[in-house]
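In case you want the letters, here they are:
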Amino acid sequence: QVQLVESGGGLVQAGGSLRLSCAASGRTISTYAMGWFRQAPGKEREFVASISRSGGFTRYADSVKGRFTVSRDNAKNTAYLQMNSLKLEDTAVYYCAATPGQSTVIAGAYNYWGQGTQVTVSS
């Protein structure tokens, strides 16, 4: 079992930056690919970014490519999502997730989820 806890969300003006953290406990995340997803009010949960177990392979949704960066520090058992040039449409609850399989954009492939952290971008 892996427990995931996100932090770092908050209120930020458009154009600003936030860094989300996903702290894992229970097991080392080095054996898990990690993903970030988000869900805005009235919308379905959507893929944001993913990173392979070693960190050598990353993938991004087109909507965040060039603005967001996913990373991980296996020694700290933590994954990160650096979000720059934030837009109003980035407002959502952000979730991190872990899968023992390959990193993927498919939410259903992730076995473990955090509780989410709210990101609100204001004009």
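Below you will find a few notes about this structure. The structure displayed is predicted, hence computed values, not measured ones.

Side note on the side chain of Thr99
Here comes step 1: Positionally, Thr99 belongs in strand 9 (residues 92-99).
Here comes step 2: For Thr99, the side chain forms a polar contact with the main-chain nitrogen of Gly101, separated by 3.1 Å.
Here comes step 3: Engagement of the side chain of Thr99 in a polar contact is seen with the backbone oxygen of Ala109, the distance being 3.0 Å.
Here comes step 4: When neighbours within four sequence positions are excluded, Thr99 is seen to be in contact with Thr31, Tyr32, Ala33, Ala109, Tyr110 and Asn111.

Brief notes about the pattern of salt bridges
Close approach of charged atoms allows side chains of opposite charge to pair.
Here comes step 1: Per the stated rule, a full pass over the model turns up four salt bridges.
Here comes step 2: The closest approach of N and O atoms between Glu46 and Arg38, which form a salt bridge, is 2.6 Å.
Here comes step 3: Accessibility expressed as a relative area gives 5% for Arg38, which makes it buried.
Here comes step 4: Taking the shortest distance from any N to any O, the salt bridge between Lys65 and Asp62 comes out at 3.1 Å.
Here comes step 5: With a relative accessible area of 65%, Asp62 lands in the exposed category.
Here comes step 6: One connected set of salt bridges, linked through shared partners, spans Arg38, Glu46, Arg67 and Asp90.

Remarks on the sheet that holds strand 1 (residues 3-7)
Here comes step 1: Strands sit in the order 1-3-8-7 across an open sheet of four strands; the sheet is antiparallel. The outermost strands of the open sheet, each flanked by one partner alone, are strand 1 and strand 7 (68-73). Pairwise comparison of adjacent strand axes, ignoring direction, gives a mean angle of 15 degrees for this sheet.
Here comes step 2: As paired elements, strand 3 (residues 18-25) and strand 8 (residues 78-83) share six bridges and run antiparallel to each other. Of the residues in strand 8, the one forming a bridge with Leu20 is Leu81.

Considerations on the pairing of strand 5 (residues 46-51)
Here comes step 1: Burial analysis of strand 5 places five of its six residues in the buried class, which makes it a mostly covered element.
Here comes step 2: Hairpin connection from strand 4 (residues 33-39) to strand 5: six residues lie between these consecutive antiparallel strands, with Gly42 at a positive phi of about 80 degrees.
Here comes step 3: Note that strand 5 and strand 6 (residues 58-60) share three bridges and pair antiparallel. Bridge pairing links Ala49 to Tyr60 in strand 6.

Describing the packing of aromatic side chains
To describe a pair of aromatic rings, you give the distance between the ring centres and the angle between the ring planes.
Here comes step 1: According to the stated counting rule, one finds six aromatic pairs in the structure shown.
Here comes step 2: Ring geometry for Tyr32 versus Tyr112: centroids 5.9 Å apart, planes at 80 degrees, classification edge-to-face. Here Tyr32 is found in the loop between strand 3 and strand 4, whereas its partner Tyr112 is found in strand 10 (residues 112-113), with 80 residues between them in sequence.
Here comes step 3: Both rings, one in Phe37 and one in Tyr110, keep their centres 5.3 Å apart while their planes meet at 75 degrees; by these two values the pair is edge-to-face.

Definitions and cut-offs
Residues numbered from 1 in each chain as written. Predicted model: local features only at pLDDT ≥ 70, side-chain atom pairs only at ≥ 80, totals over all residues. Heavy atoms only, no water. Helix = DSSP H or I, 4+ residues; strand = E, 2+ residues; numbered from the N terminus. Polar contact = N/O pair within 3.5 Å; in protein donor to acceptor, adjacent residues only side chain to side chain. Contact = heavy atoms within 4.5 Å. Salt bridge = Lys/Arg side-chain N within 4 Å of Asp/Glu carboxyl O. Buried < 20%, exposed > 50% of the residue type's maximum accessible area, 1.4 Å probe, protein only. Pairing = 2+ DSSP bridges. Axes fitted to C-alpha atoms, helices over the stretch in contact; angles between N-to-C directions. Phe/Tyr/Trp six-rings, centres within 6.5 Å; stacked < 30°, edge-to-face > 60°.

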